[in-house]
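Listed here are the chains, written in short residue letters.
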Amino acid sequence: MPTIIRIIKLILKKHKRRLALGYISVIGAAVTALAVPYLIGESITNVLDSGERDVSGLWTLAIALLLAGTARGLFSFGQTFFAESTSQKVAYDIRNAFYNKLQHLSFAFHDKQNTGDLMSRATADVEGVRMFINMGAVRFGFVVAMVIGIAVAMLLTDLKMGLVSLAFVPFMAWRAITTSRILRKRWMVVQVATGEMVTTIQENLSGMRVVKAFAAEDYEKSKFGVRATAVREAIYDAQKMWAKNFTVMNFAFLAALGAILWVGGQSVIDGRVINEATGAVVYNGLTPGELTAFIFYMGLLTQPVRMMGFMVNSFSRAASSGQRLFEILDWESPVDEKPDAVVMDRVKGKVVFDNVSLSYDGDNDALSEINVEVETGQIVALVGQPGSGKTTFAHLIPRFYDATEGTITIDGIDVRDVTLESLRNNIGIVQQDVFIHTASIGENIAYGKGDASDEEIREVASIAQLHEFIAGLPDQYDTVVGERGGGLSGGQKQRLAIARTLLMNPPVLILDDSTSSVDAHTEHLVQEGLEEVMRGRTTFVVTNRLSAIRSADIILVFKDGNIDQRGTHEELLAKGGEYLNLYESQLKPMEEAAIQEVQQSSEKDGSD
Amino acid sequence: MTTRSGGYGHLGRSHLDDVLMGNLYDHGVVMRLVRYALPYRFWAIIAFVGMMGHILTMVAQPIIIAWGINSFVLGVRGDSDAWGSLSLVGMIFLGNVFVNMVFNFLQYIALARLTVNVLHDLRTEMFAHLQSQATSFYDRNEVGRIMSRIQNDVHQLQEFTDVGITTVGDILMLVFIGATMIYLDPILGLVTLSLIPLLIITMITWQKKSRPTFLGVRMAISAVNGNLQENVSGVRVTQSTNRQEVNLDNFDTLNKNHLDMTIHASLLSALLMPVVETLTVLSMGLVVVVGGIRVFDGALEVGFLVAFLIYVQRFFEPIRMLTQQYTMFQRAMASGARIFELLDIKPEMNDKPDAIELPLIKGDVVFDNVSFGYTPQEEVLHNIDLHIQPGQNVALVGLTGAGKTSLVALMHRFYDVTGGSIRIDGHDLRDVTRESLSGQMSMVLQEPYLYSMSIKDNIKYRRVDASDEAVEAAATAVGAHGFIMDMDDGYDTMLQQRGSNLSMGQRQLISFARAVVADPRIIVLDEATASIDSRTEKIIQESLKAVLHGRTAVVIAHRLSTITSADVIVVLDQGRIIETGPHEELLARGGLYASLYAMNFGEPAPQFQNGSDDQNGTGGLRAPTI
Ligand SMILES: Nc1ncnc2c1ncn2[C@@H]1O[C@H](COP(=O)(O)OP(=O)(O)OP(=O)(O)O)[C@@H](O)[C@H]1O
Ligand SMILES: Nc1ncnc2c1ncn2[C@@H]1O[C@H](COP(=O)(O)OP(=O)(O)OP(=O)(O)O)[C@@H](O)[C@H]1O
Ligand SMILES: [Mg+2]
């Protein structure tokens, strides 16, 4: 119920006028609709008025019918149009709000949410709410107006008959309410089952190469089969429930029609007096015309009764859909701006971690009590085992997550005191998990800076060693790359991500394992290019290649969420321990030998 | 680059062309749907019986009313006959209503059973069909677009079958009512029906006018959803590049466009209301005048006049419904067409009809003059000749974009070669079934893709029946056991989408363990340890030696410390093999490999020049092709 009230508030907030017009049409439509049974009743009375052959009276009534009907048509037009357009406008508002909310919810939210599920909220649930506004909010007015109008008309015509005909209305109302509760639960089941099925499909399609690599088609089919069957049964259950309700309601309505015929007919017979002399018939009770009118009032009730079924449905759906939408819209982003957040100007780049801890799940620390001080312009290398906390460390600087404890400052300013936008404008990060949009390469590079000139784009592409590859493509920068970078090799994707970040020209740069799929030669070229642009910037480099580490001013060796060792390459080598291990496993054995061999061979080459 | 700001999410070089709006009735689509219904003809028959029962009882009701009215309007007060007939009429009417309810219920239940089954089968078939599509299909078609077919289009059909089939009932009802009216009083009947042509003309004109708008609505909403989908997937990039506002602007443009379209569409559909309404009362007016005159003339009983009026009311009610369902029909036909279009796409790499089961292989792989390109215009691999001995450990090395991933993809038959052939144990890959081939090969992909299931289930992905010990052994071999046990739920820890609650290196290890558990004859590691530090890697290598023993292994790595011990190192450059040999030999040769090797620890070779784009092959990096 609170969900429904919120939806109604949404309508009232911006679309009062449209809603009011809708209601005016609703009332107009109800009133004019009521005229039709009355006029039909009159026609029958006219026809029955024995002896007189009043054809002109019939014409008058026919024209009156035409007028009433046409008026009703126009009002129905208004009702349909305003109901539909209001619902579309609200859907538009919700979609925008939903979209924007998702953009601003922090990583912790998106870690846990499935794309498929979010999409189903944005499509099916928005539609559920929209249908309710259309069917429930506006047309509900129509149903109420019609039921009241018909009730009044009937009771005024004949009290006893009116009561008989309306006896089924409370029954309907009761059914509508009880069914709504059960239906709502059933639709929830459908939605949940559908969500699971969609997730299965989504994962299957996104991971198709894994499926192919392992010939897991049959396994996937059986996984899908379970989900699809659950959906099938859930939908069937809901539909069965709905059908039961619908047919019972329909039955009640038709039975009432029977009651009118029976009771009303009796009433006509009881009140009929035949003048023996003239043969004229006088009706002291109900007249046959009125009886006909009753039948048509009942006929008129079909529409609202039928709609009641739909409405109960839309009501339940909206309650569950609305709940799912508001759940997201109300989600408090774990990372949020303070109300008094200030704009951070372009920083120099002194980054300090003061006793910082972070836990993803509230129990285990992914980082514990980290203290780091990085001066402007320094290059910091982060190394360590998988899962040791390097990415976590990097993600704290642009506030993708908030530290559970401790503070992070840039140029002495707590990152939590500034607006997210200004903070992130100061920090460029190339994430470990590269995401490329379905768009041209040029558009992808310019993603963070829509107004970049072609020269700027070319320049960063050159630094990332991508320009020559792009220049060799038939469509060059206009080449469209597929989803998640389809059509690019692993290393090309990474370099595209580097170019994208460089274009933002940030004073603090973070490269999270950004050249892991790039060969040493190209990596070297990228580094050379970067050195040029990095001058004066503070840089964090997560890497597993010691070649990239040696030039760092500080090396942080991560282990199980702690900084195990820190210092320069030489210092750490001298200290021994973790870093030395790392060094030896990768470089030491090959270092001298390799240099020797290369020098030898180059001499050979040179003599060719 | 002029369209930089807009259009994300809907750019296509797509194979699946979207038919957006169908005809009102598409015979091909309907007939194919009927085929899916055949297995459930029992329910179809019940539904039909229910429908007919419903229609006939509905059509009978006005006649019962007419009978009632006639019998007591014309009856005499106090006449027990009149009383008797009225009670009888009342009872019969109630009986009719009850029977009507039963039939109606039968109809709905049987329909529900029928349609959920048909749609379920359709969905299942689509899913199965998608599994049989080649990798190149997925290169061309975005996941979102395929999703929309299996999700929205099937949903569209669901709606259609829910309401559409009752429409068939409505149409039947029209026929029965029309026939009854003509039977009861031919003149009055024809007068009433005379308005039908008018209605049909109006409908046809209206649909011509409204078609583009409804088409526009469909295109607009798919653009909206495509944009949203991509935004959700790429939200981390959005936040790190501060693009929220631009994105919202773009989205708002699409959303607004959709809104305008729908409002226009709602105007159009609402326009039909007054037309149908006016025709209804026009026809009632005609019945009143003509019918009244006929009553005066003694040609018609009053009860039947009432019955006629009821018929007119019931006649136009379905028509009113039909106008509302009109666009749904068109959408459903288009959806059906799209679904069948998808189902009709032949998998590019079906097994040959006479494909054989690849017997248990030794792991002897031959690339015989292989060429390959993703598109016909651009060849990525040129004339590759390579012989990998059973049990050999081969390393692939080369500059980024050289074609290493492509080469192993061919070996796994993700794609078919465009020239030459690949043979495993003497069998051309194209002559064996894909199942028997993939069953003996495992691949650790460059980008680890994990499912939102438990870690254990992820590792068991290929061998669902693997024992817990086997899972643990594999995890231990790749060095993942330690961190898995550190997690609260150990192997039962649930992974989030794409494994996002693990670090990248951890994801690579799980994906590695998954390949090991599969117990393949040939294992391919495509930068399987790129995000793993060299110390951890070294530890893994020791234990892996045992695991890889006796299997053919192809390893791609940029960090050359990973592969120094390989039996053969193959160096690829721009799609050609330029060097092969063991580590020492290649070092001594002083070519590309030696340069890369030197650079691995940050010391460029002295004569170092730009290698990757050096077309003439004169740079120090270029070695003579072997
Ligand atoms: N699906 C695809 N469609 C079209 N072109 C592709 C596709 N995949 C890769 N390419 C192109 O083919 C070439 C070779 O790519 P491949 O992925 O084989 O390189 P790689 O040697 O594995 O590189 P890396 O070391 O960067 O992973 C690249 O130029 C790439 O752009
Ligand atoms: N989104 C998340 N939710 C929950 N736990 C997480 C999440 N991301 C990482 N973790 C856990 O936090 C720890 C640190 O992970 P992090 O990604 O920082 O490692 P890393 O040092 O970057 O490793 P790698 O070298 O593999 O990238 C790991 O144990 C990982 O499982
Ligand atoms: Mg990481």
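Residues numbered from 1 in each chain as written. Chains lettered and ligands numbered in written order. Predicted model: local features only at pLDDT ≥ 70, side-chain atom pairs only at ≥ 80, totals over all residues. Heavy atoms only, no water.

Some details on the nonpolar core
What counts, and what does not: In these notes, a set of buried Ala, Val, Leu, Ile, Met, Phe, Trp, Tyr and Cys residues joined through side-chain atoms within 4.5 Å is what counts as a nonpolar core. Throughout this description, buried means an accessible area under 20% of the type-specific maximum (1.4 Å probe, protein chains only), exposed means over 50%, and partly exposed covers the range between. We count a stretch as a helix when DSSP gives it H or I for four or more residues in a row; a strand needs E for two or more, and each element gets its number in order from the N terminus. The criterion used for residue contact is that any of the two residues' heavy atoms lie within 4.5 Å.
Within the largest apolar cluster, 226 residues are counted, with the highest numbers of intra-cluster contacts made by Leu-102, Leu-205 and Met-298 of chain A together with Leu-122, Phe-367 and Ile-384 of chain B. In terms of residue count, the dominant contributor to this core is helix 8 (residues 217-271) of chain A (21 residues). Setting aside residues no more than four positions away along its own chain, Leu-122 of chain B makes contact with Leu-33, Tyr-36, Leu-157, Ile-339, Phe-340 and Leu-343 of chain B. Among the nonpolar cores identified, the runner-up in size contains 52 residues, and Ala-475, Leu-548, Tyr-597 and Met-599 of chain B belong to it.

A word on the interface of chain B and chain A
Rules: Buried area: the accessible area, evaluated with a 1.4 Å probe, that two parts lose upon being put together, summed over both parts. A pair is scored as a salt bridge if a Lys or Arg side-chain nitrogen falls within 4 Å of a carboxyl oxygen belonging to Asp or Glu. The term polar contact refers here to a pair of N or O atoms within 3.5 Å; inside protein, the definition further demands a hydrogen-donor-capable atom paired with an acceptor-capable atom, and it admits residues adjacent in sequence only when both atoms are side-chain atoms.
Each partner contributes residues to the interface: chain B has 198 residues there, and chain A has 198 residues. Contact between chain B and chain A buries roughly 18,100 Å² in total, counting both sides, with carbon and sulfur atoms accounting for 63%. At the surface where chain B touches chain A, the tally comes to two salt bridges. In this structure, Glu-233 of chain A and Arg-113 of chain B form a salt bridge, with 3.0 Å as the shortest nitrogen-oxygen distance. The interface formed by chain B and chain A includes 12 residue pairs in polar contact (both at pLDDT 80 or more).

Structural notes on the domain arrangement of chain A
Residues and elements named next belong to chain A. Note the following rule: Domain extents, as shown, originate in an automatic or database domain assignment. Nonpolar residues are Ala, Val, Leu, Ile, Met, Phe, Trp, Tyr, Cys and Pro. Charged residues are Asp, Glu, Lys and Arg, and all others, Gly as well, are polar.
You can read the domains of chain A as domain 1 (2-329), domain 2 (340-426 + 509-520 + 538-608) and domain 3 (434-505). In total, domain 2 and domain 3 occlude about 650 Å² of area from one another, counting both sides; carbon and sulfur atoms represent 57% of this. Viewed at the interface, domain 3 and domain 2 are joined by zero salt bridges. Linking domain 2 to domain 3 there are one residue pair in polar contact (both at pLDDT 80 or more). Here the residues of the side of domain 2 that touches domain 3 are counted per class, giving two nonpolar, four polar and three charged.

Examining the packing of aromatic side chains
Test applied: Side-chain rings of Phe, Tyr and Trp, where Trp is taken by its six-membered ring, are said to pair if the distance between their centres is within 6.5 Å; with planes under 30 degrees apart they count as stacked, over 60 as edge-to-face, and otherwise as tilted. By definition here, charges over rings are those cases where NZ of Lys or CZ of Arg is within 6 Å of the ring centre and within 35 degrees of the ring normal.
A complete count under the given rule lists 21 aromatic pairs over all chains for this structure. Aromatic pair Tyr-99 of chain A and Phe-251 of chain B: ring centres 4.0 Å apart, planes at 10 degrees, arrangement stacked. Here Tyr-99 of chain A is found in helix 2 (residues 55-104), whereas its partner Phe-251 of chain B is found in helix 9 (residues 244-296) on a different chain. Pair check on accessibility: Tyr-99 of chain A and Phe-251 of chain B agree, each one buried. Taking the centre distance of 6.4 Å and the plane angle of 80 degrees together, the rings of Phe-294 of chain A and Tyr-297 of chain A count as edge-to-face. Residue Phe-294 of chain A and its partner Tyr-297 of chain A are both found in helix 9 (residues 288-329); the two are separated by three residues, about one turn of the helix. Each member of the pair, Phe-294 of chain A as well as Tyr-297 of chain A, is classed as buried. Ring-pair connections join several aromatic residues into one group, and the members of that group are Phe-107, Tyr-360, Phe-400 and Tyr-401 of chain A. Over the face of the ring belonging to Phe-326 of chain A we find Arg-6 of chain A, whose NZ or CZ atom lies 3.9 Å from the ring centre.

Points about helix 6 (residues 186-193) of chain B
Because each turn of an α-helix spans 3.6 residues, side chains separated by three or four positions end up pointing in the same direction. Residues and elements named next belong to chain B. The line we're drawing: To obtain the arc, one takes the directions from the helix axis to the C-beta atoms.
Listed in full, the buried residues belonging to helix 6 are Leu-188, Gly-189, Thr-192 and Leu-193. One side of helix 6 holds all its buried residues, which, seen down the axis, span an arc of 130 degrees. Here helix 6 starts with a cap whose side-chain oxygen sits 3.1 Å from the backbone nitrogen of Ile-187, and that cap is Asp-185.

Details of the side chain of Asn-96 of chain B
By the element assignment, Asn-96 of chain B lies in helix 3 (residues 80-131). Classification of Asn-96 of chain B by relative accessible area gives buried; the value is 9%.

Description of the pairing of strand 1 (residues 365-372) of chain B
The side chains of a regular strand alternate, residue by residue, between the two faces of the sheet. Residue and element names in this part refer to chain B. Heads up, the condition is: Strand pairing is defined by DSSP finding a minimum of two bridges between the two strands.
Summarising burial for strand 1: six of the eight residues are buried, a large majority. Pairing of strand 1 with strand 2 (residues 381-388) involves five bridges; the strand directions are antiparallel. If you follow Val-370 over to strand 2, its bridge partner there is Ile-384. As judged from the five bridges shared by strand 1 and strand 4 (residues 419-424), these two strands associate in the antiparallel manner. By the bridge assignment for strand 4, Ser-371 is matched with Gly-419.

Regarding the site of ligand 1
Spelled out, the test is: Throughout, the term near means that a residue has one or more heavy atoms lying within 4 Å of the molecule or strand in question. The protein chains shown are the only cover counted for residues, whose accessible areas, like all others here, come from Shrake-Rupley with a 1.4 Å probe.
Taken together, 22 residues form the shell around ligand 1, and within it Ser-489 and Gly-491 of chain A together with Lys-404, Thr-405 and Ser-406 of chain B come nearest. A distance of 3.4 Å separates a nitrogen atom of ligand 1 from a polar atom in the side chain of Tyr-374 of chain B. Between an oxygen atom of ligand 1 and a side-chain N or O atom of Thr-405 of chain B, the distance comes to 2.6 Å. Taken by itself ligand 1 offers 640 Å² of open surface, and the protein chains cover 87% of this. Residues belonging to the shell around ligand 1 are distributed by class as follows: six nonpolar, 13 polar and three charged.

Let's talk about the site of ligand 2
If you check the shell around ligand 2, you find 21 residues, and the closest are Lys-390, Thr-391 and Thr-392 of chain A together with Ser-503 and Gly-505 of chain B. Each of chains A and B places residues next to ligand 2. In this structure, Gly-389 of chain A approaches ligand 2 through a main-chain N or O atom, which is 2.8 Å from an oxygen atom. Between Thr-392 of chain A and ligand 2, the recorded distance is 2.4 Å, taken from a side-chain N or O atom to an oxygen atom. The set of elements that each furnish at least two residues to the shell around ligand 2 consists of helix 10 (390-396) of chain A together with helix 16 (504-517) of chain B. Across the shell around ligand 2, the residue classes tally to six nonpolar, 13 polar and two charged.

Notes on the domain arrangement of chain B
Residues and elements named next belong to chain B. Per the domain assignment, the segments of chain B are domain 1 (27-343), domain 2 (356-440 + 523-531 + 554-626) and domain 3 (446-519). Residue-level contacts link 11 residues of domain 2 with eight residues of domain 3. For the domain 2 and domain 3 pair, buried surface summed over both sides reaches about 770 Å², with 49% attributable to carbon and sulfur atoms. Counting across the domain 2 and domain 3 interface gives zero salt bridges. On the surface where domain 2 and domain 3 come into contact, there are zero residue pairs in polar contact (both at pLDDT 80 or more). Here the side of domain 2 that touches domain 3 takes three residues from strand 7 (residues 522-526), the largest share from any one element. Here the residues of the side of domain 2 that touches domain 3 sort into four nonpolar, four polar and three charged.

Quick word on the coordination of the magnesium ion (ligand 3)
As a reminder of what qualifies: The donor definition counts N, O and S atoms within 2.8 Å of each metal and applies 3.2 Å to Na, K and Ca; water is not among these atoms, so some sites may look incomplete.
Distances from the magnesium ion (ligand 3) to its protein donors, Thr-391 of chain A (OG1) and Gln-432 of chain A (OE1), fall within 1.8 to 2.3 Å. Within this pair, whereas Thr-391 of chain A is found in helix 10, its partner Gln-432 of chain A is found in the loop between strand 8 (427-430) and strand 9 (439-440), the two being separated by 41 residues in sequence.

Examining the confidence of the model for chain A
Residues and elements named next belong to chain A. So the rule is basically this: Scored from 0 to 100, pLDDT reflects the predictor's confidence in each residue.
On average, chain A scores 80 in pLDDT, and the residues at 70 or more come to 93%. By mean pLDDT, helix 20 (residues 588-606) is the weakest element of chain A at 50, and helix 10 is the strongest at 88. Contacts for the low-pLDDT stretch residues 603-608, under 50 throughout, to residues beyond four places or in other chains number four contacts.

Quick notes on the pairing of strand 6 (residues 405-410) of chain A
All names here are of chain A. Bridge count for strand 3 (residues 351-359) against strand 6 is five bridges, and the pairing is antiparallel. Its bridge partner being in strand 6, Ser-357 is matched across the sheet by Glu-405. Pairing geometry for strand 6 and strand 7 (residues 413-414), over two bridges, is antiparallel. If you follow Thr-409 over to strand 7, its bridge partner there is Asp-414. Two successive antiparallel strands, strand 6 and strand 7, enclose a turn made up of two residues, where Asp-411 displays a positive phi of approximately 50 degrees.

What about the environment of Thr-157 of chain A?
Residue and element names in this part refer to chain A. By secondary structure assignment, the location of Thr-157 is in helix 4 (residues 115-157). With 118 residues separating them along the chain, Thr-157 and Leu-39 place their C-alpha atoms 13 Å apart. Beyond its immediate stretch of four places on either side in the chain, Thr-157 contacts Glu-290 and Phe-294. A polar atom in the side chain of Thr-157 sits 2.6 Å from the backbone oxygen of Ala-153.

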